[in-house]
Amino acid sequence: MTATVLDPNTALIVVDLQKGITGLPGAHPTAEVVARAATLADTFRAKGLPVVLVRVTGGAPGRTEGPARSGEPAADWAEIVPELGPREGDIVVTKQQWGAFYGTDLDLQLRRRGVTQVVVAGIATSIGVESTARSAHEHGYHVTLATDAMTDMSAEAHDNSVQRIFPRLGETGTTEEIVKLLG
């Protein structure tokens, strides 16, 4: 489904576009994902709408079968990429889990601003983006996903989220379509 409408009080949530993550290989050119997310952020700011920049600095403590991160991350690993900011008025959320809602004040920040809809972008599509979108949906927000302003480490995982999961959580659209809806 293509994005059809944006509520007057829509916020942009950009997930994990930080130096340590954008430096990893992705299924799509990361520079293009960052540029599209920056276009969305600049448009939201120009319209006086909230921009949320999410960064991850830790991880859930449970055991997994997947490989653990090894070594100490670079000192600037968690810094938001400069193309995005943060800029004055942006909301910066630091998370320790995949999703941006659990264990943070994101829902409170959005509700205080009267937000009823979120547009989500970032890395990784099947992890941080999908977890954040699922939680936004569960919290009762209308959800739109900017599918060309996100990527994953795996093209297959990205496609699964975009084709099978996102249509059940909200609407999808390109950066250009979302910018048009913002007027």
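This text follows the structure it describes.
Description of the pattern of salt bridges
Close approach of charged atoms allows side chains with opposite charge to pair.
Inference 1: Going through the model one piece at a time under the given rule, you end up with 10 salt bridges.
Inference 2: One salt bridge connects Glu 32 with Arg 36, and the closest N-O pair in it is separated by 3.7 Å. Of this pair, Glu 32 and Arg 36 both sit in helix α2 (residues 30–46), separated by 4 residues, roughly a single helical turn.
Inference 3: By relative accessible area, which is 40% here, Glu 32 ends up partly exposed.
Inference 4: Of the residues examined, Arg 36 reaches a relative accessible area of 29% and is grouped as partly exposed.
Inference 5: Salt bridges linked by common partners bring Lys 19, Asp 76 and Glu 79 together as one network.

Concerning the pairing of strand β2 (residues 51–56)
Inference 1: Of all 6 residues in β2, 5 are buried, a share of seventy percent or more.
Inference 2: Taken together, the 4 bridges between strand β1 (residues 10–15) and β2 define a ladder with parallel strand orientation. Residue Ile 13 lies in a different strand from β2, and its bridge partner there is Val 52.
Inference 3: Examined bridge by bridge, β2 and strand β3 (residues 91–95) share 5 bridges and lie parallel to one another. What sits directly across from Leu 53, in β3, is Val 92.

Reading the values: the criteria
Residues numbered from 1 in each chain as written. Predicted model: local features only at pLDDT ≥ 70, side-chain atom pairs only at ≥ 80, totals over all residues. Heavy atoms only, no water. Salt bridge = Lys/Arg side-chain N within 4 Å of Asp/Glu carboxyl O. Helix = DSSP H or I, 4+ residues; strand = E, 2+ residues; numbered from the N terminus. Buried < 20%, exposed > 50% of the residue type's maximum accessible area, 1.4 Å probe, protein only. Pairing = 2+ DSSP bridges.

Keep in mind these numbers describe shape, not what the thing actually does.
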